[in-house]
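# Structural overview
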Amino acid sequence: METVEKIKQQLSENPIILYMKGSPKLPSCGFSSQVAQIMINCNEQFAYVDILQHPDIRSELPKYANWPTFPQLWIEGELIGGCDILTEMYQKGELQPLLKETADKYKAEEQD
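Here the residue index of a chain counts from 1 through its sequence in written order. Given that the model is predicted, a residue must reach a pLDDT of at least 70 before its local features are reported, and side-chain atom pairs must reach 80 or more before they are shown or counted; all residues, however, enter totals for whole chains, interfaces and linings. Where side-chain values are given, they derive from all heavy atoms of the structure, hydrogens and water being excluded.

## A look at the overall build of the chain
For clarity, the threshold we go by: Only DSSP runs of H or I with at least four residues qualify as helices, and only runs of E with at least two residues qualify as strands; both kinds are numbered from the N terminus onward. As defined in this context, the radius of gyration uses C-alpha atoms, and a globule is described by 2.2 Å times the residue total to the power 0.38. Only protein chains enter the accessibility calculation, which uses a 1.4 Å probe; a residue is then buried when its area is under 20% of its type maximum, exposed when over 50%, and partly exposed in between. Areas reported here follow the Shrake-Rupley algorithm with a probe of radius 1.4 Å; residue values treat only the protein chains shown as occluding. Charge counting treats Lys and Arg as positive and Asp and Glu as negative, with His and both chain ends excluded. By convention, the charge on Lys lies at NZ, on Arg at CZ, on Asp at CG and on Glu at CD.
Helices and strands together make up the secondary structure of the chain, namely 5 helices and 4 strands. Starting at the N terminus, the α and β elements of the chain follow one another as α-β-α-β-α-β-β-α-α. The C-alpha atoms of the chain give a radius of gyration of 13 Å, which matches the 13 Å a tight globule of 112 residues would have. Taking the principal axes of its C-alpha atoms as reference, the chain extends roughly 35 × 35 × 25 Å. Counting across all 112 residues of the chain, residues that qualify as buried make up 41%. Summed over all atoms, the accessible surface of the chain reaches about 6600 Å², with 47% contributed by carbon and sulfur. In the chain, 10 positive and 17 negative side-chain charges are present, and the distance between their average locations comes to 5 Å.

Spelled out as C-alpha cells, the structure:
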C-alpha cells in the first residue's frame, strides 16, 4: 500500500488520531509529550501513530498535510494543528468540546 493511501486509511478509520514521536505513555519528544498529556487530560479515546516506528509516514505526512512538524492532531480527516495550536485551544477550552463532540458522534454510530 502506498504511504499516502495508508495515511488516508488511518484518517478515515480513526475520527481522532494523533501522529506523534513515541506513544502517549512514552513520548519521545517534548512537544509530543505536551500534546499527549493534553489529549489524556481531555478524557476522550484517540488513536495514535508513532512516526518513529513508521519512517514512511514520517516523511510523507508533512507533504500530505502541508504541515512540516510533529505532533499533528487530526479530527475527522482534518488537520487541527500541532503543539502550539493545540495547547492554545486547550487553554481556551476550545479543544475539549471538539474532542467530546467527535467522540460522542462516533460512539453513537457504534451503538446503532
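## Some remarks on the nonpolar core
Going by this rule: By nonpolar core we mean a set of buried residues, namely Ala, Val, Leu, Ile, Met, Phe, Trp, Tyr and Cys, connected to one another through side-chain atoms within 4.5 Å.
In terms of nonpolar packing, the biggest core is built from 18 residues, with Ile16, Leu18, Met39, Leu73, Leu95 and Leu99 touching the most fellow members. If you list the elements that add at least two residues to this core, you get strand 1 (16-20), helix 2 (30-41), strand 3 (72-75), helix 4 (83-92) and helix 5 (95-111). If one sorts the elements of this core by residue count, helix 2 sits on top with 4 residues.

## Digging into the layout of surface pockets
Stated formally: Within this scheme a cavity is a closed region of a 1 Å grid, computed over the protein atoms alone, that accommodates a 1.4 Å probe without allowing it to escape, whereas a pocket is open but has protein on both sides within 12 Å along at least five of seven lines; lining residues each have an atom within 4 Å of a point. Grid points are joined across faces, edges and corners, and a volume is the space filled by probe spheres set on the points. Throughout, the ten residues Ala, Val, Leu, Ile, Met, Phe, Trp, Tyr, Cys and Pro are labelled nonpolar, Asp, Glu, Lys and Arg are labelled charged, and all others, Gly among them, are labelled polar.
Considering only enclosed or pocket space, the largest pocket measures out at about 200 Å³ in volume. Around the largest pocket, the lining residues are Asn14, Pro15, Ile16, Gln45, Phe46, Ala47, Thr102, Ala103, Tyr106, Lys107 and Glu110. Tallied by class, residues from the lining of the largest pocket come to 6 nonpolar, 3 polar and 2 charged.

## A closer look at the sheet that holds strand 3
To keep it simple, the criterion reads: In this analysis, strands are considered paired if DSSP registers two or more bridges between them. Angular values range over 0 to 180 degrees, each being the angle between N-to-C directions of two axes fitted as lines to C-alpha atoms, with helices fitted over their stretch in contact.
An order of 2-1-3-4 is seen for the 4 strands of this open sheet, with the pairing classed as mixed. Every interior strand has two partners, whereas the edge strands, strand 2 (47-50) and strand 4 (78-81), have only one. Mean inter-strand twist for the sheet, computed between neighbouring axes without regard to direction, equals 25 degrees. By the bridge criterion, 4 bridges tie strand 1 to strand 2 in an arrangement that is parallel.

## Here we look at the pattern of salt bridges
Rules: Salt bridge criterion: a side-chain nitrogen from Lys or Arg within 4 Å of a carboxyl oxygen from Asp or Glu.
Under the definition given, this model contains 7 salt bridges. We note a salt bridge from Lys105 to Glu76, for which the minimum N-O separation is 2.7 Å. Taken as a pair, Lys105 in helix 5 and Glu76 in the loop between strand 3 and strand 4 lie far apart in primary sequence, 29 residues in all. On the accessibility criterion, Lys105 (40% relative accessible area) is partly exposed. Judged by relative accessible area, which is 37%, Glu76 ranks as partly exposed. Between Lys92 and Glu88 there is a salt bridge whose closest N-O contact spans 3.1 Å. Here Lys92 pairs with Glu88, and both are found in helix 4, just 4 residues apart, close to one helical turn. With relative accessibility at 42%, the residue Glu88 sits in the partly exposed group.

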